[in-house]
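Listed below are the residues making up each chain.
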Amino acid sequence: MDNISVSTTDVRIERHATQLSRQLKLLRERLFPPLSQKTLRTFTSGEAAQMIGVSDGYLRQLSLDGKGPQPDVSHNGRRSYTLGQINELRQHMAKVKPKDALSYLPWRRDSEKLQTIAITNFKGGSAKTTTTLYLAQHLALEGYRVLAIDLDPQASLSSLLGVQPEFDLGDGDTLYGAIRYDAQRRPLKDIIRKTYFDGLDLVPGNLELMEFEHETPRALNDRQRPEELFFRRVGNAIAEVEGNYDIVVIDCPPQLGYLTLGAVCAATSLLITIHPQMVDVASMSQFLLMTSDLLSVVRKAGGDLQHDFIKYVVTRHEPFDGPQSQIVALLRNLFGDDVLTATILKSTAIADAGLTKQTLYEIEKGQVRRSTYDRALESVTAANGEILASIHKAWGRT
């Protein structure tokens, strides 16, 4: 009998995990040579002008006058800017036209509180991580200072943002390092990483996060001080760096554990993703019931459960599918304006971009069929635009 047939299950699974991890590392090195680092494409002067809110001619004149960052000029005279340069131009415009500074540089003001948005769902397959990633990138493209926190031990968000959890992270390099109960706790600022996407920073995740789930019951038995209770730890960590960001987005684990409850208590707003299939809706019903029960216990223990908004995001939507349309109509009838008007379409463009760990915001338009690209991007941007409008409302902006 060969060794494989007599291997115990744990040994076989460990071998499979090692093999898969090695192949993923090789794939990443092939996709992003030579240093295995992701980079973001540049933007044409027309795209840059639209993002900033000025004319292309104005940008050209700035360039000719030597003001602001200088674009890369191709052999045929086409100008292009990095996202970092676009953000520099935003700051330049805010200084040149201080009365219109908010329209060029939309950072939150001192009177506007940090918005922390937890994206959650009990069931896998609802595009929770994809929704988190697209929202974070959209907000960064709009000029906001964004922090993404990967609270899912599976760490898909980290991987999509260029971090391979098995190889790139050491002990304490996840949020666990900032919320653990022992003396090895670290400041969150020491854990945050810059990403290739200017304006978007990351607190990565990996399996280490499960330690918080294991240690919290023991900490509860030790009768922690009120400010040290598990449901306050995520919020306390974020508060250490809130002056550096406008918006925090948290990709929660697909289960109701201590990490998820901590994220919900830290959040100022909630997004619940839902795939419009009956089995997913039934699962969400159970998720909401359990969440309600657990949060009532947390609230009685002193948890802050005042949220500026709670929105349901319909994902992987096929608008011409009759049963899906009925479920979306049911959700709108039940929850009204709490369901986003825009739905995120199921699209081969999103799936194809994901094969290279990219989003529609990152790929060149010619990489997928134009009509498919435009339709998918329109749905994603519309949903993210609604979420941003809710943030503005919470800030008191018109």
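Criteria and thresholds
- Residues numbered from 1 in each chain as written.
- Predicted model: local features only at pLDDT ≥ 70, side-chain atom pairs only at ≥ 80, totals over all residues.
- Heavy atoms only, no water.
- Core = buried A, V, L, I, M, F, W, Y, C linked by side-chain atoms within 4.5 Å.
- Buried < 20%, exposed > 50% of the residue type's maximum accessible area, 1.4 Å probe, protein only.
- Helix = DSSP H or I, 4+ residues; strand = E, 2+ residues; numbered from the N terminus.
- Contact = heavy atoms within 4.5 Å.
- Pairing = 2+ DSSP bridges.
- Axes fitted to C-alpha atoms, helices over the stretch in contact; angles between N-to-C directions.
- Parallel < 35°, antiparallel > 145°, perpendicular 65-115°, else oblique.
- Left-handed = near helix turned anticlockwise from the far one by under 90°.
- Nonpolar A, V, L, I, M, F, W, Y, C, P; charged D, E, K, R; others polar.

Under an unreviewed UniProt entry, the name given to the chain is Plasmid partitioning protein RepA, and the organism recorded is Rhizobium mesosinicum.

Caption draft 1: Representation of the nonpolar core. Judged by nonpolar contacts, the single largest core of 59 residues is most densely connected at Leu59, Ile117, Val249 and Leu360. Top element by residues in this core is helix H17 (residues 370–395). It accounts for nine residues. When neighbours within four sequence positions are excluded, Leu360 is seen to be in contact with Tyr134, Ala349, Ile350, Ala353, Tyr373, Ala376 and Leu377. Grouped together as the second largest cluster of nonpolar side chains are 36 residues, Leu209, Phe212, Phe231 and Cys252 included.

Caption draft 2: Spatial organisation of the pairing of strand E5 (residues 146–150). For E5, a buried count of five out of five residues is recorded, marking the element as mostly surrounded by other parts of the structure. Bridge count for E5 against strand E8 (residues 247–251) is five bridges, and the pairing is parallel. Bridging from a neighbouring strand, Ile149 pairs with Ile250 of E8.

Caption draft 3: Focus on unusual backbone geometry. Despite not being glycine, Ala155 has its phi angle at roughly 60°, a positive value. By secondary structure assignment, the location of Ala155 is in the loop between E5 and helix H8 (156–160). In this model, Arg316 sits at a positive phi of 50°, which is unusual for a non-glycine residue. Here Arg316 lies in the loop between strand E10 (309–314) and helix H15 (322–335).

Caption draft 4: Up close: the sheet that holds strand E7 (residues 200–203). An order of E6-E7-E5-E8-E4-E9-E10 is seen for the seven strands of this open sheet, with the pairing classed as mixed. At either margin of the open sheet sits one strand with a lone partner, and together these are strand E6 (193–194) and E10.

Caption draft 5: Geometry of the packing of helix H3 (residues 45–52) against helix H5 (residues 83–96). Their axes nearest at 10 Å, the elements H3 and H5 cross at an angle of 45°. For the element pair H3 / H5, the angle class is oblique. Classified by chirality, the crossing of H5 by H3 is right-handed. Residue-level contacts link Ala48, Met51 and Ile52 of H3 to Leu83, Ile86, Leu89, Arg90 and Met93 of H5. Within the contact of H3 with H5, the residues separate by chemical class into seven nonpolar, no polar and one charged.

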